[in-house]
Amino acid sequence: MTVTPSTATPPQVTPAGGQHRLGSLGPVGLVLAGGISVQFGGALAVTLIPRAGALGVVALRLLAAALVLLLVCRPRLRGHSRADWGTVLAFGVAMGAMNGLFYSAVARIPLGPAVTLEVLGPLALSVLASRRAVNAVWAGLALLGVFLLGGGGFGNLDPTGVAFALGAGAMWAIYIVFSARTGRRFPQADGLALAMAVAALLFLPIGMASAGTRLLNPTTLALGSAVALLSSVLPYTLELLALRRLPASTFAILMSLEPAVAATAGFLVLGQSLSPTEAAAIALVIAASIGAVRTQVGRGKARVEPAPEA
């Protein structure tokens, strides 16, 4: 079913000082800042996986992020409709599944190819959500860059890791849709805090069964908290704020920058170098993202049909 994001103006929120300063970056700046944060957090998480396992890292990340967001936001639990809670629940399930699948992927294949495969989900969403043929062109250009960044194919990668990365991409597309809906239904980052709590509650038993007492190691706890801040608290908050002012189709194309940021993080944190082909791929995804943003700015306010708020 075609996804058509709502462009109805969300309720205006009087943000706290920190959120006001973040909002001043503009929606594109918020997305880019979130992408940088999440990919460097992902690189740090790769170094943590040998200590706690992929599922243990996910449990730590979600739990620490949920605690921080609940303490900071103190979301109101009363006064929400059944549809509001259904949206938060779906957002939390998508968030937990996306994280679990992605970290299971990077435990088996390198960070760059994993993000390259994962970003196919938002690219597919950009084509489905857009009603303009030119956005399909930008998506195709970004897809070419994604293909080149994967070295022209993924035949040498672990098939299970590839499947996990593609599954994470599908969950990422669902995450984008429900992040936008949650941002419209809840003030500030309240919905994000509640969804993060849902994801943490769902994943904590899985992480404990997988990692056991390794999760209680002080170094592991400290690194897991850092991953949570870089990969969950900061980027998800920035993306939620951005999606209040940015159409889902343009947001999804901007996600094409993630493989480029992941390659940079891999080089700086994990010592992975870029080949000329990978550099060309980065240029393609950047060009596609710039083209998508310029197209959106040129047409002014997007004309798309509101999505049903079921």
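Note: the structure precedes this text.
Residues numbered from 1 in each chain as written. Predicted model: local features only at pLDDT ≥ 70, side-chain atom pairs only at ≥ 80, totals over all residues. Heavy atoms only, no water.

## What about the nonpolar core?
Here comes step 1: Core analysis: the largest hydrophobic core is formed by 78 residues, its most contacted members being Met95, Tyr103, Tyr175, Leu192 and Met196.
Here comes step 2: The element contributing the most residues to this core is helix H2 (residues 27-73), with 17 residues. (Core = buried A, V, L, I, M, F, W, Y, C linked by side-chain atoms within 4.5 Å. Buried < 20%, exposed > 50% of the residue type's maximum accessible area, 1.4 Å probe, protein only. Helix = DSSP H or I, 4+ residues; strand = E, 2+ residues; numbered from the N terminus.)

## Observations regarding unusual backbone geometry
Here comes step 1: The backbone phi angle of Arg74 is positive, close to 45 degrees, even though this residue is not glycine.
Here comes step 2: Within the element layout of this structure, Arg74 appears in the loop between H2 and helix H3 (82-106).

## A closer look at helix H9 (residues 218-243)
Here comes step 1: The end-to-end C-alpha separation of H9 is 36 Å, in line with the 38 Å expected for 26 residues at 1.5 Å each.
Here comes step 2: Helix geometry: H9 is bent most strongly at Leu229, by close to 35 degrees.
Here comes step 3: Between the side-chain oxygen at the start of H9 and the backbone nitrogen of Thr219 there is a gap of 2.9 Å, and the oxygen is on Asn217. (Expected span 1.5 Å × (residues − 1). Bend = angle between axes of the 7 residues up to and from the residue. Polar contact = N/O pair within 3.5 Å; in protein donor to acceptor, adjacent residues only side chain to side chain.)

## Let's talk about the side chain of Gln39
Here comes step 1: With respect to the helices, strands and loops of the structure, Gln39 is situated in helix H2.
Here comes step 2: Looking at Gln39, the relative accessible area reads 5%, which means it is buried.
Here comes step 3: Among all residues touching Gln39, those that are not within four sequence positions of it are Leu111, Val115, Glu258, Val261, Ala262 and Ala265. (Contact = heavy atoms within 4.5 Å.)

## As for a nonpolar patch on the surface
Here comes step 1: Together, Val68, Leu71, Val72 and Leu229 line one region of the surface with nonpolar side chains, adding up to about 380 Å² of accessible area.
Here comes step 2: With three residues, H2 is the largest single contributor of residues to the nonpolar patch.
Here comes step 3: Accessibility expressed as a relative area gives 31% for Val68, which makes it partly exposed. (Patch = residues over 30% accessible without salt bridge, like charges linked within 9 Å, V, L, I, M, F, W, Y side chains within 5 Å. Areas by Shrake-Rupley, 256 points an atom, 1.4 Å probe, with all protein chains shown as cover. Salt bridge = Lys/Arg side-chain N within 4 Å of Asp/Glu carboxyl O.)

## Let's talk about the packing of aromatic side chains
Here comes step 1: Per the counting criterion, the structure on display carries three aromatic pairs.
Here comes step 2: Seen from their ring centres, Phe91 and Tyr175 are 5.3 Å apart, and the 35 degrees between their planes marks the pair as tilted. Here Tyr175 lies in helix H7 (residues 159-185) and Phe91 lies in helix H3, a separation of 84 residues in the sequence.
Here comes step 3: The exposure class of Phe91 is buried, given its relative accessible area of 0%.
Here comes step 4: Taking the relative accessible area as the measure of exposure, Tyr175 reaches 1% and is therefore buried.
Here comes step 5: The ring centre of Phe178 lies 5.5 Å from the NZ or CZ of Arg181, which sits over that ring. (Phe/Tyr/Trp six-rings, centres within 6.5 Å; stacked < 30°, edge-to-face > 60°. Lys NZ or Arg CZ within 6 Å of the ring centre and 35° of its normal.)

## Overview of empty space enclosed by the protein
Here comes step 1: As enumerated under the stated definition, the model contains three cavities of 30 Å³ or more in all.
Here comes step 2: Looking at the largest cavity, its volume works out to about 200 Å³.
Here comes step 3: The wall of the largest cavity is formed by 16 residues, among which Val38, Arg61, Met98, Glu118 and Tyr236 lie closest to the centre.
Here comes step 4: Those elements that place two or more of their residues in the lining of the largest cavity are H2, H3, H7 and H9.
Here comes step 5: For the lining of the largest cavity, a count of residues per class yields eight nonpolar, four polar and four charged. (1 Å grid on protein atoms, 1.4 Å probe; cavity = no way out; pocket = protein on both sides within 12 Å on 5 of 7 lines; lining within 4 Å. Points joined across faces, edges and corners; volume = space filled by probe spheres on them. Nonpolar A, V, L, I, M, F, W, Y, C, P; charged D, E, K, R; others polar.)

## Topic: the environment of Glu239
Here comes step 1: If you trace the backbone, Glu239 turns up in helix H9.
Here comes step 2: Sequence separation between Glu239 and Val28 is 211 residues; the distance between their C-alpha atoms is 9.5 Å.

## Describing the environment of Gly112
Here comes step 1: Within the secondary structure, Gly112 sits in helix H4 (residues 111-118).
Here comes step 2: Gly112 gets classed as buried once you look at its relative accessible area, which sits at 14%.
Here comes step 3: Between the alpha carbons of Gly112 and Ala265 there is a distance of 9.1 Å; along the sequence they are 153 residues apart.

## Thoughts on the environment of Ala283
Here comes step 1: In this fold, Ala283 is placed in helix H12 (residues 276-299).
Here comes step 2: Ala283 sits 23 residues away from Ala260 along the chain, and the two C-alpha atoms are 8.6 Å apart.

## Some points on the packing of H3 against H7
Each packed pair of helices is defined by two parameters, the angle between the axes and the distance between the axes.
Here comes step 1: Where H3 contacts H7, the two axes come as close as 7 Å, and the packing angle between them is 155 degrees. In this view, H3 runs roughly antiparallel relative to H7, as classed from their interaxial angle. Note that H3 runs across H7; the crossing there is left-handed.
Here comes step 2: Each residue belonging to the contact of H3 with H7 can be placed in one class, and the counts come to 19 nonpolar, six polar and three charged. (Axes fitted to C-alpha atoms, helices over the stretch in contact; angles between N-to-C directions. Parallel < 35°, antiparallel > 145°, perpendicular 65-115°, else oblique. Left-handed = near helix turned anticlockwise from the far one by under 90°.)

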